[in-house]
Amino acid sequence: MTAQAAAAPRPVAHRLAVLGAGVMGTGIATLALGHGLPVVLVDVDRAVLAQARDRVAGQLKLATMLGPSGGRAGTGVGTGELATTMDLRRLGRVSAVVESVTERPEVKAGVLAAASAAVPGGTLLVSNTSAIPIDELAESVPHPADLLGVHFMNPPYLIRTVELVRGRRTGDPAVAAALSLLSALGREAVIVGDRPGFVVNRILQRMVNEAARVVEEGVATADAVDAVFTGCLGHRTGPLGTADIIGLDNVVDSLTVLLDRTGDEGYRPCALLLEKVAAGELGRKTGRGFFEYGGAR
Ligand SMILES: NC(=O)c1ccc[n+]([C@@H]2O[C@H](COP(=O)([O-])OP(=O)(O)OC[C@H]3O[C@@H](n4cnc5c(N)ncnc54)[C@H](O)[C@@H]3O)[C@@H](O)[C@H]2O)c1
C-alpha cells in the first residue's frame, strides 16, 4: 500500500515539529524543508542545535544532487522555513510532531509527554523509534489515538519507503493524517506490526551484531565482512558500513531495546560494539567506527 494511494484527497498545509536534531532529526527536517514544509526543530543540546542549520543546508544540497528527480531536493518542490528552539513548549501551530530523540525508552516517554502537552489533542504524534513498540510509548501520552510510528530510513531525504506502525490504540484519523503527511513528503508507507524492532530492525540489528561478532572473534576483518555482502550478495552497503551510517551508539541502544523486550540473547550487544561506543567511535558521525571517514558528518 502506498501513501499516495491512500492519502486524503484534500491537501493539508503541513507544518512539522521535529524533536531531536541528530542524524535522523536533521534528515527528516531536510526532507520536509525540501518539500516546502516549514519545520521547527527542537533539541536539548545547544551545540547540536547550533550546527543543525549547516547540517540541513548541506543535506539539502546532497538531496538535490542525489535525489531521484535529479535537481530537486529529494523530489521536493521548494524550501520551507526552518526554526530552531530548545523549548519543547514553544512548538507553535503544527500539523504533526515527529519525535526523533535518542533511542532510550525513558527519554522518549518524557519527550512525548511534554510534546503532547504543547499541542492540541488531535494533533498527529509520530515516533521515529527504531525498536520500541508504539503501544509502550502510548502509555506516556494523554491521547494515545494520536500516536503512531513512522520508521524513516537513513538518510530520510533519499530513501522513499518507510515502515508505518499502528499501535493498538492508534486512531483512524492519525493513520489518515500520517498518510497525508507522507504523501506530501513523497514517501511510501509499508504498514507493519507493532512488535519490538518492527520488521527492518528486528532483522537488521541482529545481523549487524553478528557481523561485529565475526570481527571480534577474528574470523574476518570489517573490510572482508562487508566485501562478502556487497560482492557476493549484491548489497549496496555491508552490515558494518550500514552500522557506521546508523551510528554505533544507536545500534547498541536498539539492540538493548530488542534484548530487553524479547529476552533473545542474539540481540545482546557484542563486546566490540560496546568498546567502540565507549571509545567514542560511533561511525560516520564521529569520523570513525568500523571504518574511517574523511571528516565527521
Ligand atoms: N540513525 C539511524 O540510522 C536511524 C534510522 C531510523 C530511526 N532512527 C531512530 O531515530 C531516533 C534518533 O536517532 P539518531 O540516530 O538521530 O540519534 P542521534 O544521537 O544522532 O540524535 C538524537 C538527538 O536527540 C537529542 N535529544 C535527546 N534527548 C532529548 C530531549 N529530551 N529533547 C530533545 N532532544 C533530545 C540529542 O541531543 C540528539 O541530538 C532514534 O529513536 C533512533 O532509533 C535512527
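A quick note: this is a predicted structure, and the numbers were derived from the prediction, not measured.

Novice: Mind showing me how you'd approach the overall build of the protein chain here?
Specialist: In terms of regular secondary structure, the protein chain is built from 11 helices and eight strands. Relative to a compact globule of 297 residues, whose C-alpha radius of gyration would be 19 Å, the protein chain shows 19 Å and is just as compact. When its C-alpha atoms are laid out on the principal axes, the protein chain stretches across 55 × 45 × 40 Å. Across the 297 residues in the protein chain, those meeting the buried criterion constitute 51%. The contacts of the protein chain with a sequence gap of at least 6 include a subset with a gap of at least 24, amounting to 69%. When the accessible area of the protein chain is evaluated, it comes to approximately 13200 Å², of which 55% is carbon and sulfur surface.

Novice: Before we go on, may I ask you to explain the nonpolar core in this structure?
Specialist: Most often, soluble globular proteins keep nonpolar side chains buried together rather than apart. In this structure, Leu19, Leu91, Val97, Leu147, Leu240, Leu273 and Phe290 are the most contacted members of the largest nonpolar core, which totals 48 residues. The dominant element in this core, judged by the number of residues it contributes, is helix α10 (residues 248–262), at seven residues. Those residues within four positions of Leu240 in sequence are excluded, and the remaining contacts are Val208, Ala211, Ala212, Val215, Ala222, Val225, Asp226, Phe290 and Phe291.

Novice: Just checking my understanding: could you explain the packing of α10 against helix α11 (residues 271–278) for this structure?
Specialist: The contact between α10 and α11 brings their axes to 9 Å, and the two run at 130°. In terms of orientation, α10 lies oblique with respect to α11. Seen from above, α10 lies across α11 with left-handed handedness. Packed against α10, whose contacting residues are Leu248, Asp249, Val251, Val252 and Leu255, the element α11 presents Leu273, Leu274, Lys276 and Val277 at the interface. A breakdown of the residues in the contact of α10 with α11 according to their chemical character gives seven nonpolar, no polar and two charged.

Novice: Would you mind showing me how to read α11 here?
Specialist: Since the α-helix turns once every 3.6 residues, residues separated by three or four places project in the same direction. Taken residue by residue, α11 has Leu272, Leu273 and Lys276 as its buried positions. Considered in projection along α11, the buried side chains sweep an arc of 100° and stay on one side of the axis. Within α11, the exposed residues directed more than 90 degrees away from the buried face are Glu275 and Ala278. Where the residues of α11 are buried, they touch α7 (200–216) and α10. After α11 finishes, the residue Gly280 shows a positive phi value of roughly 75°.

Novice: Just checking my understanding: could you explain a nonpolar patch on the surface for this structure?
Specialist: Where nonpolar side chains cluster on the molecular surface, the patch consists of Leu62, Met65 and Leu66 and spans about 310 Å² of accessible area. Judged by relative accessible area, Leu62 falls into the partly exposed class, the value being 32%.

Novice: It is not clear to me how the site of the ligand should be interpreted in this structure. Could you clarify?
Specialist: For the ligand, the set of nearby residues contains 24 residues, the closest of which are Met24, Asp43, Glu103, Lys108 and Ser130. Between Val101 and the ligand, the recorded distance is 3.2 Å, taken from a backbone N or O atom to an oxygen atom. In this structure, a nitrogen atom belonging to the ligand sits 2.8 Å away from a main-chain N or O atom of Ile246. Within the complex, the protein chains bury 87% of what would otherwise be the 830 Å² of accessible surface of the ligand. Only α2 (23–34) and α4 (105–118) provide two or more residues apiece to the shell around the ligand. Looking at the shell around the ligand, its residues break down into nine nonpolar, 10 polar and five charged.

Novice: Sorry, what's going on with the side chain of His14 here?
Specialist: Relative to the helices and strands, His14 resides in the loop between α1 (3–6) and β1 (16–19). On the basis of relative accessibility, which here comes to 11%, the residue His14 falls in the buried class. Only 3.1 Å separates the side chain of His14 from the side chain of Ser180, close enough to count as a polar contact. Once you skip the residues sitting within four places of it in the chain, His14 turns out to touch Leu37, Pro38, Ser95, Ala177, Ser180, Leu181 and Ala184.

Novice: Mind showing me how you'd approach α7 here?
Specialist: The end-to-end C-alpha distance of α7 is 24 Å, a good match for the 24 Å that 17 residues give at a rise of 1.5 Å each. Buried residues of α7: Asn201, Leu204, Gln205, Val208, Asn209, Ala211 and Ala212, and no others. Down the axis of α7, the smallest arc covering the buried residues is 160°, so these residues share one side. Summarising the contacts, the buried residues of α7 are in contact with β6 (147–151), α8 (222–232), α9 (239–246), α10 and α11.

Analysis parameters
- Residues numbered from 1 in each chain as written.
- Predicted model: local features only at pLDDT ≥ 70, side-chain atom pairs only at ≥ 80, totals over all residues.
- Heavy atoms only, no water.
- Helix = DSSP H or I, 4+ residues; strand = E, 2+ residues; numbered from the N terminus.
- Rg over C-alpha atoms; globule rule 2.2 N^0.38 Å.
- Buried < 20%, exposed > 50% of the residue type's maximum accessible area, 1.4 Å probe, protein only.
- Contact = heavy atoms within 4.5 Å.
- Areas by Shrake-Rupley, 256 points an atom, 1.4 Å probe, with all protein chains shown as cover.
- Core = buried A, V, L, I, M, F, W, Y, C linked by side-chain atoms within 4.5 Å.
- Axes fitted to C-alpha atoms, helices over the stretch in contact; angles between N-to-C directions.
- Parallel < 35°, antiparallel > 145°, perpendicular 65-115°, else oblique.
- Left-handed = near helix turned anticlockwise from the far one by under 90°.
- Nonpolar A, V, L, I, M, F, W, Y, C, P; charged D, E, K, R; others polar.
- Arc of directions from axis to C-beta.
- Patch = residues over 30% accessible without salt bridge, like charges linked within 9 Å, V, L, I, M, F, W, Y side chains within 5 Å.
- Salt bridge = Lys/Arg side-chain N within 4 Å of Asp/Glu carboxyl O.
- Near = heavy atom within 4 Å.
- Polar contact = N/O pair within 3.5 Å; in protein donor to acceptor, adjacent residues only side chain to side chain.
- Expected span 1.5 Å × (residues − 1).

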